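Below, each chain spelled out in residue letters.
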Amino acid sequence: MAKVSFNTDMCKGCGLCVSACPKHIIVLSDTLNKKGYSAATVNDMEACVGCASCALMCPDCIITVER
């Protein structure tokens, strides 16, 4: 099973990872991070296939994918 983690304090909520996810399991959170942005999060970790499309798309390199 794959695991995706986000450095939510550094996320600027651009949403590029949301659009890059082929399983559509990444969403922007309702809560704000320290910088005032809605950080990305995974809503169904079980469905993650570990493709790392989200990490490749992230301009700030805040996403880590473990397989």
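An account of the accompanying structure is given in this report.

Here is what the cut-offs are and how they apply
- Residues numbered from 1 in each chain as written.
- Predicted model: local features only at pLDDT ≥ 70, side-chain atom pairs only at ≥ 80, totals over all residues.
- Heavy atoms only, no water.
- Helix = DSSP H or I, 4+ residues; strand = E, 2+ residues; numbered from the N terminus.
- Buried < 20%, exposed > 50% of the residue type's maximum accessible area, 1.4 Å probe, protein only.
- Contact = heavy atoms within 4.5 Å.
- Areas by Shrake-Rupley, 256 points an atom, 1.4 Å probe, with all protein chains shown as cover.
- Lys, Arg positive; Asp, Glu negative; His and termini not counted.
- Charge placed at Lys NZ, Arg CZ, Asp CG, Glu CD.
- Pairing = 2+ DSSP bridges.
- Salt bridge = Lys/Arg side-chain N within 4 Å of Asp/Glu carboxyl O.

Scanning the protein for helices and strands turns up 2 helices and 4 strands. If you list the helices and strands of the protein from N to C, you get β-α-β-β-α-β. Seen along its three principal axes, the alpha-carbon backbone of the protein occupies a region of about 30 × 20 × 20 Å. Out of the 67 residues belonging to the protein, those deemed buried represent 31%. Of the contacts made within the protein by residues no fewer than 6 positions apart, 59% connect residues no fewer than 24 positions apart. Approximately 4,200 Å² of the protein is accessible, and the part contributed by carbon and sulfur atoms is 52%. For the protein, the distance from the average site of its 6 positive side-chain charges to the average site of its 6 negative ones is 6 Å.

Here the focus is the pairing of strand 3 (residues 38–42). Here strand 2 (residues 26–32) runs beside strand 3; their pairing, made up of 4 bridges, is antiparallel. Looking at the pairing, Val27 lines up with Thr41 of strand 3.

Mapped onto the elements, Asn33 comes out in the loop between strand 2 and strand 3. Those residues within four positions of Asn33 in sequence are excluded, and the remaining contacts are Thr8, Asp9, Cys11 and Ala39.

This paragraph deals with the pattern of salt bridges. Applying the stated rule across the entire model yields 2 salt bridges. The salt bridge involving Lys34 is made with Asp9; its shortest N-O contact spans 3.8 Å. Of the two residues, Lys34 sits in the loop between strand 2 and strand 3 while Asp9 sits in the loop between strand 1 (3–6) and helix 1 (16–20), which places them 25 residues apart along the sequence. Exposure remark for Asp9: the relative accessible area of 33% places this residue in the partly exposed category. With a shortest N-O distance of 3.6 Å, Asp60 and Lys12 are connected by a salt bridge. Residue Asp60 is located in the loop between helix 2 (53–57) and strand 4 (63–66), and its partner Lys12 is located in the loop between strand 1 and helix 1; the two are separated by 48 residues in the primary sequence.

Inspection of the secondary structure puts Cys11 in the loop between strand 1 and helix 1. Distance in space between the C-alpha atoms of Cys11 and Cys51 is 20 Å, their sequence separation being 40 residues. Every residue in contact with Cys11, bar those within four places of it in the chain, is listed here: Asn33, Tyr37, Ala39, Ala40 and Ile62.

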